Amino acid sequence: MMIPGLAGVYQARFKTELAVQFQYRAALVIWLLGLILEPLIYLVVWTTVARSQGGEAGGFSRGEFAAYFAILMVVNHATFTWHFWEFEWRVRHGFFSPVLLRPIHPIHADLAQNLTFKLLTFTVVAPVALLLLVSFDATFSPSLADIAAFAPALVLAMALRFCLEWTLALAAFWLTRVSAINQSYYVLVLFFSGQLAPLSLLPVALRAVATALPFRWMISFPLETLLGRSSGAELAIGYAAQLAWLGVSLVLLRVTWRAGVRRYSAVGA
Amino acid sequence: MSAELAPAIQVRDLRKTYSVPEREGGVRAALVSLVQRKNREVAAVAGVSFDVPRGEIVGFLGPNGAGKTTTLKMLAGLLHPTSGEVSALGHVPWRRENDYLRRMTLVMGQRNQLAWDIPVVDSFELNRAIFRIPADHFRRVVAEMTELLDLGELLKKPVRNLSLGERMKCEIAGSLLHQPEVLFLDEPTIGLDVTMQRRIRGFIAAYNQRHGATTLLTSHYMADVEALCRRVVVIHQGRLLYDGELSGLVDRFSPFKTIVVDFASDPEFADGQLAGIVGADGEIVSQTDGRLTLRVPKARTAQITGQLLAQLPIADLTVEEPPIDEVIERVFAGEAREAEPVPAA
């Protein structure tokens, strides 16, 4: 039976992407290793720091650090995107030409690819996170309310990060070498999203900067919500910030895409 | 004019100018370019106008860099023109409205529309969903393509395992699953062997016949053009050089015919006899054992043939039009630049 419209396209994309992912099993394993290793390193570093400071650093006990970085791995896995690293190649090699001839926005192909990869690899990431929680003796006992608050925060974080990073990717329409921009962006996210360390460890001024930027709402907010560290008011502010940044990202994406395609097609597709 | 009767494609004074950065070679120039960029305006298409009626196959010819691909990309909606107007199936192509995209296709010889890692049929399935092709219709079209292009087992192979020719056949089939009414084919036979070229040529003709598709085709292989196109549009340096029947191109740009003579026995020419027959405006192309090849003005062909038959021991004589490749080459080489400008057909 044919599923009509966009749902049918997503169904076909899922099948295609699964087939592609299975073609490259070794690459898939290497990607997974990278995804797991980064938070694992932070986890080891920060639990060691906590131990050396008498069991606590910046309001986090050793067990809470373990929980933070194990859940960070899950949240980062759910929200991360890689398309902005690929756009330069796509633009340079004329990949957009066949894409622009299809009666569908190319963002759908990337979103479907992203979701397929996540669904596939979550089957590995989730047990590894559980293993870390257990083996590092993590302090982690979320209430039902924490889980209920976490679910929409994670979905909004995924949408926000995807839109923001897809918009960033569009810089490739104007600049031939976007790797430098991507690298700077990566550092900003690492620092201000709570990946490198919980934001409560930052000096007050930097914490204010992190609150004003969108990155905190892409990772730290859902993560701390699941850990039960967001109060009622903080939750409301968090959702509002996520929605506001998502709105801004969508507008930026729309404007940048239109201008980008016009530029692409002006300089030679 | 009603929409039904209007040409499928109408192009009016289409222009595309690129701003191209330029600098001298060497480190010094590279350093200077850091602070002082120089750009040059290049007119890739400089005011081209033509129509293509529904169902017609038109050959779009020109040397490399003539502006063919740029024009095709503007017609397909990939490029915004600098100025000018295009109406294709009643749409302005570069607005890329879904209704237009569902009714046209652009096949570019070197570009990949099929996913590299998965079997061809999976890419086709994806196109089915994107173009919203009903399942039974899709099955019928794939069966038709399989028959016309002999796809058979190819459909199950991953694209990366296909040869260039096999991939091209699958690319063409994949681009036509939604049965477009307008086809832009940019070098569809490039890099293929003669058999494969013939196969694809036959397919394009059959598709055009079955579906009445309007087709604009570029190719450097004149065999493609001769087999498929009665009408050609020739552009050079972004300008329209000729628009009309392919046979008319030969008449206009090659005012010569070739006469090949085989002798019954070795002829003995009196001093200046041959030069006298050929005349100042003709040319002896070659003179080898028992065979003579001449290039003579069309208007004097009959007179020269008569003189040859009367004066020499001839076993066989043929009069030929010059090969179309040669004519095209002459057009591009600028020999015909002096010819009077040709109004658009």
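Residues numbered from 1 in each chain as written. Chains lettered and ligands numbered in written order. Predicted model: local features only at pLDDT ≥ 70, side-chain atom pairs only at ≥ 80, totals over all residues.

Asker: Even after reading the chapter, I still don't get the overall build of chain B, so can you show me in this structure?
Answerer: Per the secondary structure count, chain B includes twelve helices and 13 strands. If one aligns the C-alpha atoms of chain B with their principal axes, the spans along those axes are about 75 × 60 × 50 Å. Here chain B holds 345 residues, and 37% of them are scored as buried. Residue pairs at least 24 apart in sequence account for 72% of intrachain contacts in chain B once pairs closer than 6 positions are excluded. (Helix = DSSP H or I, 4+ residues; strand = E, 2+ residues; numbered from the N terminus. Buried ≥ 20, exposed ≤ 12 C-beta atoms within 10 Å, placed from the backbone. Contact = placed C-beta atoms within 7 Å.)

Asker: How do you make sense of the packing of helix α9 (residues 246-253) of chain B against helix α12 (residues 324-333) of chain B when you look at a structure like this?
Answerer: Packed helix pairs are specified by the crossing angle of their axes together with the interaxial distance, meaning the distance between the axes. All names here are of chain B. Interhelical geometry of α9 versus α12 gives an angle of 60 degrees and a closest axis separation of 10 Å. Overall, the two elements α9 and α12 adopt an arrangement that is oblique. In this structure, the crossing between α9 and α12 has a hand that is left-handed. Facing α9, whose interface residues are L249, V250 and F253, α12 presents I324, V327, R330 and V331. (Axes fitted to C-alpha atoms, helices over the stretch in contact; angles between N-to-C directions. Parallel < 35°, antiparallel > 145°, perpendicular 65-115°, else oblique. Left-handed = near helix turned anticlockwise from the far one by under 90°.)

Asker: How do you make sense of the domain arrangement of chain B when you look at a structure like this?
Answerer: Accessible area lost upon the coming together of the parts is a frequently used measure of interface size. Assigned domains within chain B: domain 1 (9-250) and domain 2 (255-320). On a C-alpha basis, the centroid separation for the pair domain 1 of chain B and domain 2 of chain B is 44 Å. (Domains from an automatic or database assignment.)

Asker: Help me out: how do you make sense of the sheet that holds strand β13 (residues 314-320) of chain B in this one?
Answerer: In a beta sheet, neighbouring strands pair by backbone hydrogen bonds and run either parallel or antiparallel. Residues and elements named next belong to chain B. On the basis of which strands lie adjacent, the open sheet formed by four strands has the order β11-β12-β10-β13 and antiparallel pairing. Whereas interior strands pair on both sides, the edge strands pair on one side only; in this sheet they are β11 (283-288) and β13. Between one strand axis and the next, the sheet turns by 15 degrees as a mean value, whatever way the strands run. Judged from the six bridges that link them, strand β10 (residues 256-263) and β13 form a sheet pairing that is antiparallel. By the bridge assignment, V261 is partnered in β13 with L317. The sheet contacts of helix α11 (residues 301-311) involve β10, β12 (291-297) and β13, and relative to β13 the element is tilted by about 170 degrees. (Pairing = 2+ DSSP bridges.)

Asker: Sorry, what's going on with the environment of D262 of chain B here?
Answerer: All names here are of chain B. Position of D262 among the secondary structure elements: in strand β10. Along the sequence, D262 and D281 sit 19 residues apart, while their C-alpha atoms lie 22 Å from each other. With residues up to four places along the chain from it excluded, the contact list for D262 reads G290, R291, A315 and D316.

Asker: Help me out: how do you make sense of the interface of chain B and chain A in this one?
Answerer: With 26 residues of chain B in contact, the opposing surface of chain A contributes 22 residues. Counting only elements with at least two residues in the side of chain B that touches chain A, the list comes to α2 (68-76), α3 (98-101) and α4 (120-130) of chain B. A total of five residues in the side of chain B that touches chain A trace back to one element, the largest contributor, which is α4 of chain B. Taken together, the residues that form the side of chain B that touches chain A break down as 15 nonpolar, four polar and seven charged. (Nonpolar A, V, L, I, M, F, W, Y, C, P; charged D, E, K, R; others polar.)

Asker: Just checking my understanding: could you explain the sheet that holds strand β9 (residues 239-245) of chain B for this structure?
Answerer: Residue and element names in this part refer to chain B. The strand order across the open sheet formed by six strands is β5-β6-β7-β3-β8-β9, and the pairing between neighbours is mixed. Looking at which strands have only one partner, the edges of the open sheet turn out to be β5 (104-108) and β9. Adjacent strand axes in the sheet meet at a mean angle of 15 degrees, parallel and antiparallel pairs treated alike. Here strand β6 (residues 182-186) runs beside strand β7 (residues 214-218); their pairing, made up of five bridges, is parallel. By the bridge assignment, F184 is partnered in β7 with L216. Contacts from α9 reach β3 (57-61), β8 (231-236) and β9 within the one sheet, and its direction differs from that of β9 by about 120 degrees.

Asker: Honestly, the pairing of β12 of chain B in this entry has me stumped. Any pointers?
Answerer: For a regular strand, side-chain orientation follows a simple rule: the groups alternate between the two sheet faces. All names here are of chain B. Direction of pairing for β10 relative to β12: antiparallel, over a ladder of seven bridges. Counterpart to D262 in the pairing with β12 is R291. Alignment of β11 against β12, held across five bridges, turns out to be antiparallel. Bridge assignment links S286 to a residue of β12, and that residue is T293.

Asker: Would you explain unusual backbone geometry in this entry?
Answerer: All names here are of chain B. Of note, the phi angle at R96 is positive, near 50 degrees, even though the residue is not glycine. On the neighbour-count criterion, R96 (18 C-beta atoms within 10 Å) is partly exposed. Non-glycine residue Q237 carries a positive phi angle of around 50 degrees. Relative to the assigned elements, Q237 resides in the loop between β8 and β9. Overall, the presence of 16 C-beta atoms within 10 Å leaves Q237 in the partly exposed class.

Asker: Help me understand the environment of M168 of chain B, please; the structure alone is not making it clear to me.
Answerer: Residue and element names in this part refer to chain B. The residue M168 is located in helix α6 (residues 164-175) in this model. It is 9.2 Å that separates the C-alpha atoms of M168 and I190, two residues lying 22 residues apart in sequence. Apart from residues lying up to four places away in sequence, M168 is in contact with L192 and I200.

Asker: Sorry, what's going on with the packing of helix α3 (residues 62-79) of chain A against helix α6 (residues 107-135) of chain A here?
Answerer: All names here are of chain A. Running from N to C, α3 and α6 point in directions that differ by 180 degrees, and their axes come no closer than 9 Å. With respect to α6, the element α3 is oriented roughly antiparallel. Side by side, α3 and α6 meet where A66, A67, A70, I71, M73, V74, H77 and A78 of the first sit next to K118, T121, V125, A126, A129, L132 and L133 of the second.

Asker: How should the confidence of the model for chain A be read in this particular structure?
Answerer: Caution applies to low-pLDDT regions: their predicted coordinates should not be interpreted in detail. Averaged over every residue, the pLDDT of chain A is 88; residues scoring 70 or more account for 97%. Across chain A, the secondary-structure element scoring lowest on mean pLDDT is strand β1 (residues 56-57) of chain A, at 81, and the one scoring highest is helix α7 (residues 144-169) of chain A, at 96. (pLDDT = per-residue confidence, 0-100.)

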